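Residue-level structure breakdown
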Amino acid sequence: MIVAEAVGRALAACGAETVFGVVGSGNFHVTNALIAAGARFVAARHEGGAATMADAYARMSGRAGIVSVHQGPGLTNALTGIAEAAKSRTPLIVLAGEATDRRSNFYVDQDALAAAVGAVPMRVASAEGAWEQAVEAYRVAVEERRTVLLNLPLDVQAMPCDAPARPTPTGGGESGISPAHGEAVEELARLLSRSRRPVFIAGRGARHARRELEALADRVGALLATSAVAKGLFRGSPWDLDVSGGFATPLAAELIRGADLVVGWGCALNMWTTRHGSLIPQEGKVAQVDLDRSALGTHVPVDLGVTGDVAAVATALTEQLTTGGVAPDTTAAGPAGAAGYRSPELARRIQAEGRWRDVPCEDESGGGRIDPRTLTIGLDDVLPIERILSIDSGNFMGYPSMFLDVPDERGFCFTQAFQSIGLGLATAIGAALAQPDRLSVAALGDGGALMGAAELETVVRLGLPMVIVIYDDEAYGAEVHHFGPNGHPLDTVTFPPADLAAIARGHGFAAVTVTTPADLVGVADWLKGGRDRPLLVHAKVTRNRGSWWLEEAFKGH
Ligand SMILES: Cc1ncc(C[n+]2csc(CCOP(=O)(O)OP(=O)(O)O)c2C)c(N)n1
Ligand SMILES: [Mg+2]
């Protein structure tokens, strides 16, 4: 056996079961070794697509993502997707051939590339240590929730080596549980028992803890919200406010602002989730619970930080508040377990005003263009709820994020930590493979769609019964609405019409062009049919105004 084969086998023994990539000479053997050991290989058409597919797959399956690329340009092509994964703490292993001879055309400082985007550079540096080095890369990715570049120098790959007698796979699982801080937990129990209007905001680090958080929220009468990446976590709860931040409904924003205690659970409380801090109640307190101590107070000042696994901390708190470890404060909020922020009147308001589609708005469709809100509400009505939604970046992005419901926390894949356009289609492919029983829906702008268009063929080749919706304003709408009002020239950010439906048909898609609500019948017909081909919905959307979440976004520049 050669080193390249040993690495493939070692990773398969660790649990690698789906590998995304573009194969060249430098990753040919390692990829085939993974396949020989039982892994599925998904060929992307661009390494950027492969990295993003693996990232989305990891997020939506709870397993490690694996990417396989050629040395040099194979890796540089993948970098945007790697940066997104690294910023999101996605457990991802990027296997890359490596030219170590500086005279090679393919030579580039791969360690520096990885470090520059926040990934961990590692290397299979010797034949004797190959197996252990591959296993260690897998461990760092999974246990430390890091994106790892495992460099495979070409000369080392070709060396002969033996498989170890006893393979040593690492443990799996989404995240380790670090012991909760006893004192800080008690302090949080006191804060909760005194709070009259607690709101929980759950993030990515809370996606495994719905049950524990709901039990605690019931105990203290808290309302429930999420960051965008955890959208869907509390779906079905009468106290669910959906997403906090730029996408929050007016009611959610009002209630979060009105809290006297906000607790962020595995949630960074960043500028998006807090609308640049404006959703953080002026008079209230803020607490944050996170596995990673360095996340505490990074984006907003917190009164109390607790280091620990969200589920473990929530369980400990429920116990303390139930068994009387913390004496209930009867003066302020009434005994713990009282209604807190909850009342029948509020339940009625959440029921009546809790979704974006309940917020009155005037349909501005006309002149051969459909209002994106009307389009998205129409799609929400027609698409089955067993869906998994992936969103690209741009002016349009709030419409699908706000007007399309998702079934749970594994129904929304939001690869937006790097705020790159062009990742949405690959995200939807990775998500579709992670959750084959759900309808994968990609929502893209025309700019992001054409940037990621290399993977249209991948959708057809894999036989994925996906729906791609393109919000086409024939422009980089984000830029148009940002600069247009100041009278700047917009020629650099506007484009002539493109027949995106025809492009899709050329790849083997079914396609409908939507300019009026009546055109959505084409989507309904596709759903009724055999779904033997993917569907592309080319929606020509109205473009007279920018969106309010975009204004928020530009504040962050
Ligand atoms: C890779 C990358 N390039 C450029 C940008 C800057 N940018 C942000 S939004 C946007 C326009 C996207 O256009 P489109 O996909 O059509 O969505 P729209 O804004 O029109 O709704 C651009 C160019 C970016 N975020 N990422
Ligand atoms: Mg556009």
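Quick look at the structure, then. If you're wondering where the values come from, they're calculated on a predicted model, not measured in any experiment. (Residues numbered from 1 in each chain as written. Chains lettered and ligands numbered in written order. Predicted model: local features only at pLDDT ≥ 70, side-chain atom pairs only at ≥ 80, totals over all residues. Heavy atoms only, no water.)

The next thing to look at is the packing of helix 8 (residues 182–194) against helix 11 (residues 310–323). Two numbers describe how helix 8 lies on helix 11: the axes approach to 10 Å, and their chain directions differ by 60°. Here helix 8 is positioned oblique relative to helix 11, judged by the angle of their axes. For the pair helix 8 and helix 11, the crossing hand works out as right-handed. Together, V185, E186, L188, A189, L192 and S193 of helix 8 and V313, A316, L317, Q320 and L321 of helix 11 make up the contact between the two elements. Per-class residue counts for the contact of helix 8 with helix 11 are 8 nonpolar, 2 polar and 1 charged. (Axes fitted to C-alpha atoms, helices over the stretch in contact; angles between N-to-C directions. Helix = DSSP H or I, 4+ residues; strand = E, 2+ residues; numbered from the N terminus. Parallel < 35°, antiparallel > 145°, perpendicular 65-115°, else oblique. Left-handed = near helix turned anticlockwise from the far one by under 90°. Contact = heavy atoms within 4.5 Å. Nonpolar A, V, L, I, M, F, W, Y, C, P; charged D, E, K, R; others polar.)

What follows is about unusual backbone geometry. As a rule of thumb, non-glycine residues mostly have phi less than zero, and peptide bonds are mostly trans rather than cis. Within the chain, R89 stands out as a residue other than glycine whose phi angle is a positive 55°. With respect to the helices, strands and loops of the structure, R89 is situated in the loop between helix 4 (73–87) and strand 4 (92–98). Of note in the backbone geometry, R145 takes a positive phi value of approximately 55° without being a glycine. By the element assignment, R145 lies in the loop between helix 6 (130–143) and strand 6 (147–153).

Attention shifts here to the coordination of the magnesium ion (ligand 2). Reference geometry at the metal: tetrahedral coordination by four donors gives ideal angles of 109.5 degrees; octahedral coordination by six donors gives 90 or 180 degrees. Donor atoms from the polypeptide that coordinate the magnesium ion (ligand 2) comprise D446 (OD), D473 (OD) and A475 (O), at 2.0 to 2.2 Å from the metal. Coordination of the magnesium ion (ligand 2) draws on donor residues from a single chain, spaced D-x26-D-x1-A in sequence. Taken together, the residues span a long stretch of sequence, with D446 in helix 16 (residues 446–451) and D473 in the loop between strand 16 (467–472) and helix 18 (477–483) at a distance of 27 residues. Residue class for D473 comes out buried when judged on its relative accessible area of 10%. (Donors = N, O, S within 2.8 Å, 3.2 Å for Na, K, Ca; no water. Buried < 20%, exposed > 50% of the residue type's maximum accessible area, 1.4 Å probe, protein only.)

With respect to spatial proximity, 17 residues lie near ligand 1, and among them N395, D446, G447, G448 and G477 are the closest. Interatomic distance of 2.7 Å between a backbone N/O atom of N395 and an oxygen atom of ligand 1. Within the backbone of G447, an N or O atom sits 2.7 Å from an oxygen atom of ligand 1. For ligand 1, whose accessible area on its own is 580 Å², the fraction buried by protein is 77%. Those elements that provide at least two residues to the shell around ligand 1 are helix 16 and helix 18. In terms of residue class, the shell around ligand 1 is made up of 5 nonpolar, 9 polar and 3 charged. (Near = heavy atom within 4 Å. Polar contact = N/O pair within 3.5 Å; in protein donor to acceptor, adjacent residues only side chain to side chain. Areas by Shrake-Rupley, 256 points an atom, 1.4 Å probe, with all protein chains shown as cover.)

To continue, consider the pairing of strand 4. With 7 of 7 residues buried, strand 4 lies mostly within the body of the structure. Residues L92, V94, A96 and E98 of strand 4 are buried on one face, and the alternating residues I93, L95 and G97, pointing to the opposite face, are buried as well. You can see the chain leave strand 3 (residues 65–69), run along helix 4 and come back into strand 4, and the turn it takes is right-handed. Relative to strand 6, strand 4 runs parallel, the two being bridged by 7 bridges. Its bridge partner lying in strand 6, I93 is registered against V148. (Right-handed = clockwise from strand over helix to strand, strands pointing away. Pairing = 2+ DSSP bridges.)

Two numbers describe how helix 9 (residues 210–220) lies on helix 11: the axes approach to 8 Å, and their chain directions differ by 30°. It follows from the interaxial angle that helix 9 and helix 11 lie roughly parallel. Note on packing geometry: the crossing formed by helix 9 with helix 11 is left-handed. Residues E212, L213, A215, L216, R219 and V220 of helix 9 pack against V310, A311, A314, T315, L317, T318, L321 and T322 of helix 11.

The subject of this paragraph is the sheet that holds strand 7 (residues 198–202). As summarised here, the arrangement of the 6 strands in space is 9-8-7-10-11-12, forming an open sheet in which the pairing is parallel. The sheet is open, and its two edges are formed by strand 9 (240–243) and strand 12 (304–307), each paired on a single side. With strand direction ignored, the average angle separating the axes of adjacent strands in the sheet is 15°. Docked against the sheet, helix 9 engages strand 7, strand 8 (223–226) and strand 10 (261–265), running at close to 170° with respect to strand 7.

Further remarks concern the pairing of strand 2 (residues 40–43). The sheet contact formed by strand 1 (residues 18–21) and strand 2 spans 4 bridges and is parallel. Bridging across to strand 2, V19 finds its partner in F41. Note that the unit made of strand 1, helix 2 (residues 28–36) and strand 2 has a crossover that is right-handed.

Once that is clear, we can look at the packing of aromatic side chains. Within the structure shown, the criterion is met by 8 aromatic pairs. Here F200 and W265 contribute two aromatic rings whose centre-to-centre distance is 5.3 Å and whose plane-to-plane angle is 65°, an arrangement assigned as edge-to-face. In this pair, F200 is assigned in strand 7 and W265 in strand 10, connecting sequence segments 65 residues apart. We note that F200, like W265, is buried. Just above the ring of F412 sits the side chain of K231; from NZ or CZ to the centre is 5.9 Å. (Phe/Tyr/Trp six-rings, centres within 6.5 Å; stacked < 30°, edge-to-face > 60°. Lys NZ or Arg CZ within 6 Å of the ring centre and 35° of its normal.)

What follows deals with helix 4. Look at helix 4: 22 Å from first C-alpha to last across 15 residues, which is about the 21 Å you get at 1.5 Å a residue. If you look at helix 4, its biggest bend is around 50°, right at L79. If you check which residues of helix 4 are buried, you get G74, L75, A78, L79, G81, I82, A83, E84, A85 and A86. In this fold, the buried residues of helix 4 make contact with helix 3 (47–61), strand 3, strand 4, helix 5 (110–116) and strand 6. Downstream of helix 4 by a residue or two, R89 has a phi angle that is positive, lying close to 55°. (Expected span 1.5 Å × (residues − 1). Bend = angle between axes of the 7 residues up to and from the residue.)

Nothing here speaks to function; it is geometry throughout.
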